[in-house]
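Observations on chain architecture
Spelled out, the chains give:
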Amino acid sequence: MDWIERLNKAINYLEEHIREDIDLEQTAKIACCSTYHFQRMFTYMAGIPLSEYIRRRRMSLAAADLQRSDAKIVDIALKYGYTSPTAFNRAFQSVRKITPSAAKKAGTSIKSYPPISFKIMIKGVEEMNYRIEEKEAFRIVGISQPMHKEVEKNFEIVPQMWGKAAADGTIPKLAAMMDRQPMGLLGVSACNDREEWKYFIAVSSSLPATEDLEEYEVPASTWAIFSGSGTNLSIQELEQRIVTEWLPTSGYEYADKPDIEVYLNPDPQNAQYEVWIPIVK
């Protein structure tokens with residue numbers, strides 16, 4: 001329950017600073033997790049990306065200001081952080097489906113988007129197979145790509161990266177270097193608040209990295225390890241269930257360490273995989 005309370009306190013912080021350039025790192029600290037994990041949890045639990053939620057809330061408040069005040073549209077745009085009236089007009093229309101000038105007219109119907117809040121809902125629809133393991137640090141070798149600070153944009157970056165690695169021969173090259181546990185192709189999201197965010201396609205290996213590959217040390221951690229099978233899309237469904245069903249009532253929370261996907265059988269239509277979540281009590 002403390003975990004849900006901290007998450008709601010983070011939402012309260014967003015509301016208090018909704019008209020400002022929001023400090024996502026501070027927001028995540030209130031929830032006691034990294035910026036990456038906070039955005040990821042929010043998206044899974046709320047059903048929309050954090051950036052979209054903030055935009056909807058701002059435009060909902062802006063619509064109320066347009067209807068109840070005599071302020072100029074340009075002044076309201078500045079109030080909500082838009083230095084360009086054009087940018088404000090575009091953002092407003094994308095949420096409200098009408099222009100700010102139309103919203104200002106008396107009698108115009110406007111939909112409100114209220115603040116969100118979280119609570120625990122016990123579903124228990126399907127069982128989840130997992131184990132808790134302590135692991136020492138281990139070295140991985142592979143390729144990496146910077147991750148976007150808006151987490152939802154990485155849902156495009158990462159699949160493209162896998163597609164390219166499959167097409168150019170990187171994946172079989174990495175598979176040949178695999179000689180340590182965990183034995184499988186690894187997707188590692190190394191996203192903490194101290195370093196540049198990166199996503200690795202890699203293997204656990206003791207072999208030296210060639211010039212076109214990169215090394216990274218996955219830190220020692222306690223891991224909640226969930227197993228699954230199906231298509232490569234089903235791994236996202238498992239990750240969502242972990243965050244929305246298991247984590248809130250587990251007695252654990254996210255540690256500020258990488259997430260790992262272990263592909264034991266990388267066949268995209270018959271995948272066998274594990275999801276490793278770093279946890280602390």
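Reading guide: rules and limits
Residues numbered from 1 in each chain as written. Predicted model: local features only at pLDDT ≥ 70, side-chain atom pairs only at ≥ 80, totals over all residues. Heavy atoms only, no water. Axes fitted to C-alpha atoms, helices over the stretch in contact; angles between N-to-C directions. Helix = DSSP H or I, 4+ residues; strand = E, 2+ residues; numbered from the N terminus. Parallel < 35°, antiparallel > 145°, perpendicular 65-115°, else oblique. Left-handed = near helix turned anticlockwise from the far one by under 90°. Contact = heavy atoms within 4.5 Å. Nonpolar A, V, L, I, M, F, W, Y, C, P; charged D, E, K, R; others polar. Buried < 20%, exposed > 50% of the residue type's maximum accessible area, 1.4 Å probe, protein only. Polar contact = N/O pair within 3.5 Å; in protein donor to acceptor, adjacent residues only side chain to side chain. Pairing = 2+ DSSP bridges. Phe/Tyr/Trp six-rings, centres within 6.5 Å; stacked < 30°, edge-to-face > 60°.

It is worth spelling out the packing of helix α1 (residues 2-16) against helix α4 (residues 50-68) at this point. At a minimum axis distance of 11 Å, the contact between α1 and α4 shows a crossing angle of 45 degrees. Viewed along their axes, α1 and α4 adopt a mutual orientation that is oblique. With respect to the hand of their crossing, α1 and α4 are arranged in right-handed fashion. Contacts between α1 and α4 pair Ile11, Leu14 and Glu15 from the former with Leu50, Tyr53, Ile54 and Arg57 from the latter. Its residues assigned to classes, the contact of α1 with α4 comprises five nonpolar, no polar and two charged.

Moving on: the side chain of Ser189. With respect to the helices and strands, the residue Ser189 is situated in strand β3 (residues 185-190). By relative accessible area, Ser189 is classed as buried at 9%. Among the polar contacts listed, one links the side chain of Ser189 to the side chain of Tyr36, at a separation of 3.5 Å. Not counting chain neighbours up to four residues away, the residues in contact with Ser189 comprise Tyr36, Met147, Lys198, Tyr199, Pro258 and Asp259.

Residue Pro182 follows Gln181 across a cis peptide bond; omega there is 0 degrees. Take Pro182: it is sitting in the loop between α9 (170-177) and β3. Residues other than glycine seldom take positive phi values, yet Cys32 does so here, at roughly 60 degrees. Judged by relative accessible area, Cys32 falls into the partly exposed class, the value being 37%.

Our next topic: the environment of Asp259. Mapped onto the secondary structure, Asp259 falls in strand β8 (residues 259-265). Judged by relative accessible area, which is 5%, Asp259 ranks as buried. In contact with Asp259, other than residues within four places in its own chain, are Tyr36, His37, Arg40, Gly187, Val188, Ser189, Tyr254, Trp276, Ile277 and Pro278.

Turning our attention to the pairing of strand β2 (residues 138-146). Every other side chain in a regular strand lies on the same face of the sheet, so the side chains alternate between the two faces. For β2 and strand β5 (residues 214-218), the ladder comprises five bridges, and the chain directions are antiparallel. Within β5, the residue paired with Val141 across the bridge is Glu215. The pairing of β2 with strand β4 (residues 198-204) spans seven bridges and is antiparallel. By the bridge assignment, Ser144 is partnered in β4 with Phe200.

Going through the model one piece at a time under the given rule, you end up with 13 aromatic pairs. Ring geometry for Trp162 and Tyr263: centres 5.3 Å apart, planes at 70 degrees, overall edge-to-face. Here Trp162, found in helix α8 (residues 154-167), pairs with Tyr263, found in strand β8; they are 101 residues apart in sequence, far enough to count as distant. Residue Trp162 is classed as buried on the basis of its relative accessible area of 17%. Members of the aromatic cluster, each reached through a chain of ring pairs, are Tyr130, Phe226, Trp246 and Tyr252.

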